[in-house]
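Secondary and tertiary structure notes
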Amino acid sequence: MMDLEEAAQGFAALGSEARLQVVLTLVKAGHAGLTVGDIQSRTGMAASTLAHHLKFLSSASLVTQEKDGRSVINRAAFNHLENLAGYILKECCVDESGPFAPFLKKENADD
């Protein structure tokens, strides 16, 4: 279960347009991940800038990095990203009351 501090760190990491672009690029790439060079060619970021953003995202557990020979494979941390999105949505409609509240919550859960 994610706590408030961990969620805040994750959302802060995504608060940069450049870092969000990197995460979306890795999400699109899927579980195979991408090398730094591949991310750089897809985003157009300078290598030093990209390295900084990848370090930030990795420290927030949004990206995993694995050495593969001379390359480093970067992957979106799908489980952590899903937990981060769920952190906000778990509070959906908890303050709604009245006879239709259970039905409203169920409808919103399908969204």
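Preceding this section is the structure that the text describes.
Read on for a plain summary of the structure. Computed from a predicted structure; not experimentally measured. (Residues numbered from 1 in each chain as written. Predicted model: local features only at pLDDT ≥ 70, side-chain atom pairs only at ≥ 80, totals over all residues. Heavy atoms only, no water.)

Side note on the packing of helix 3 (residues 36-43) against helix 4 (residues 47-59)
Helix 4 packs onto helix 3 with a crossing angle of 110 degrees between their chain directions and a minimal axis gap of 10 Å. Regarding the angle of helix 3 to helix 4, the classification is roughly perpendicular. Crossing hand, helix 3 versus helix 4: right-handed. Within the contact between the two elements, helix 3 uses Val 36, Ile 39 and Gln 40 and helix 4 uses Ala 47, Leu 50 and Leu 54. Among the residues making up the contact of helix 3 with helix 4, the classes are represented as 5 nonpolar, 1 polar and no charged. (Axes fitted to C-alpha atoms, helices over the stretch in contact; angles between N-to-C directions. Helix = DSSP H or I, 4+ residues; strand = E, 2+ residues; numbered from the N terminus. Parallel < 35°, antiparallel > 145°, perpendicular 65-115°, else oblique. Left-handed = near helix turned anticlockwise from the far one by under 90°. Contact = heavy atoms within 4.5 Å. Nonpolar A, V, L, I, M, F, W, Y, C, P; charged D, E, K, R; others polar.)

Focus: the pattern of salt bridges
Here the idea is simple: oppositely charged side chains can pair when their charged atoms come close. On inspection of all chains with the given rule, the structure shows 1 salt bridge. When the shortest N-O distance is used, the salt bridge between Glu 66 and Arg 75 registers 2.9 Å. The class for Glu 66 is partly exposed, based on a relative accessible area of 44%. When its relative accessible area of 22% is taken as the criterion, Arg 75 is described as partly exposed. (Salt bridge = Lys/Arg side-chain N within 4 Å of Asp/Glu carboxyl O. Buried < 20%, exposed > 50% of the residue type's maximum accessible area, 1.4 Å probe, protein only.)

Remarks on the packing of helix 2 (residues 17-29) against helix 3
Orientation of helix 2 relative to helix 3, taken along the N-to-C sense of each, is 115 degrees, at an axis distance of 10 Å. By the angle class used here, helix 2 and helix 3 are roughly perpendicular. The crossing of helix 2 and helix 3 is right-handed. Contacts between helix 2 and helix 3 involve Gln 21, Val 22, Thr 25, Leu 26 and Ala 29 on the former and, on the latter, Ile 39, Arg 42 and Thr 43.

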